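Residue-level listing of the chains:
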Amino acid sequence: MALSLSVVLLLGIILIVLIRGKSIKAGPALVAILFGFFLASTGIAPSINRFLNSVAQTINNISF
């Protein structure tokens, strides 16, 4: 839960920065948001979630 909330917050901040920096207009941003919303309700959502969790775990295991 904490990971998905962090990812949503991070992506939301990136989206706001892109809109404010005029790199992306409000229309394409809305399409991206709706695409993510509807993608979350498809059958591929658990696979995406597992992939992101494994990437986060890999990053967590890296030691410098």
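Residues numbered from 1 in each chain as written. Predicted model: local features only at pLDDT ≥ 70, side-chain atom pairs only at ≥ 80, totals over all residues. Heavy atoms only, no water.

1. Describing the overall build of the protein chain
As a reminder, the rule being used: Working definition: helices are DSSP H or I runs of at least four residues, strands are E runs of at least two. Numbering for both runs from the N terminus. Put simply, the radius of gyration uses C-alpha atoms, and a globule should come to 2.2 Å times the residue count raised to 0.38. For each residue, the accessible area found with a 1.4 Å probe, counting protein chains only, is set against the maximum for its type, and the residue is called buried under 20%, exposed over 50%, and partly exposed in between. We get accessible surface area from the Shrake-Rupley algorithm with a probe of 1.4 Å; when it comes to residues, only the shown protein chains can shield them.
The helix and strand tally for the protein chain stands at three helices and zero strands. Listed by position from the N terminus, the elements making up the protein chain come as α-α-α. In summary, the protein chain has a C-alpha radius of gyration of 14 Å against a globular reference of 11 Å for 64 residues, an excess of more than 25%. For the protein chain, the residues scored as buried account for 5% of the 64 residues in total. As displayed, the protein chain has an accessible area near 5,500 Å², and 75% of this comes from carbon and sulfur atoms.

2. Side note on the environment of Asn60
Within the secondary structure, Asn60 is located in helix H3 (residues 45–61). The exposure class assigned to Asn60 is exposed, which follows from its relative accessible area of 57%. Each C-alpha atom of the pair Asn60 and Lys25 lies 34 Å from the other, and the pair is 35 residues apart in sequence.

3. What to know about a nonpolar patch on the surface
Applicable threshold: Patches in this entry comprise residues that are over 30% relatively accessible and not in a salt bridge; like charges within 9 Å are linked, as are nonpolar side chains (Val, Leu, Ile, Met, Phe, Trp, Tyr) within 5 Å. Salt-bridge detection follows one rule: a side-chain nitrogen of Lys or Arg within 4 Å of a carboxyl oxygen of Asp or Glu.
Taken together, Ile44, Ile48, Phe51, Leu52, Val55, Ile59, Ile62 and Phe64 make up a surface patch of nonpolar side chains, about 860 Å² in accessible area. Turning to its location among the elements, Ile44 is positioned in the loop between helix H2 (26–39) and H3.

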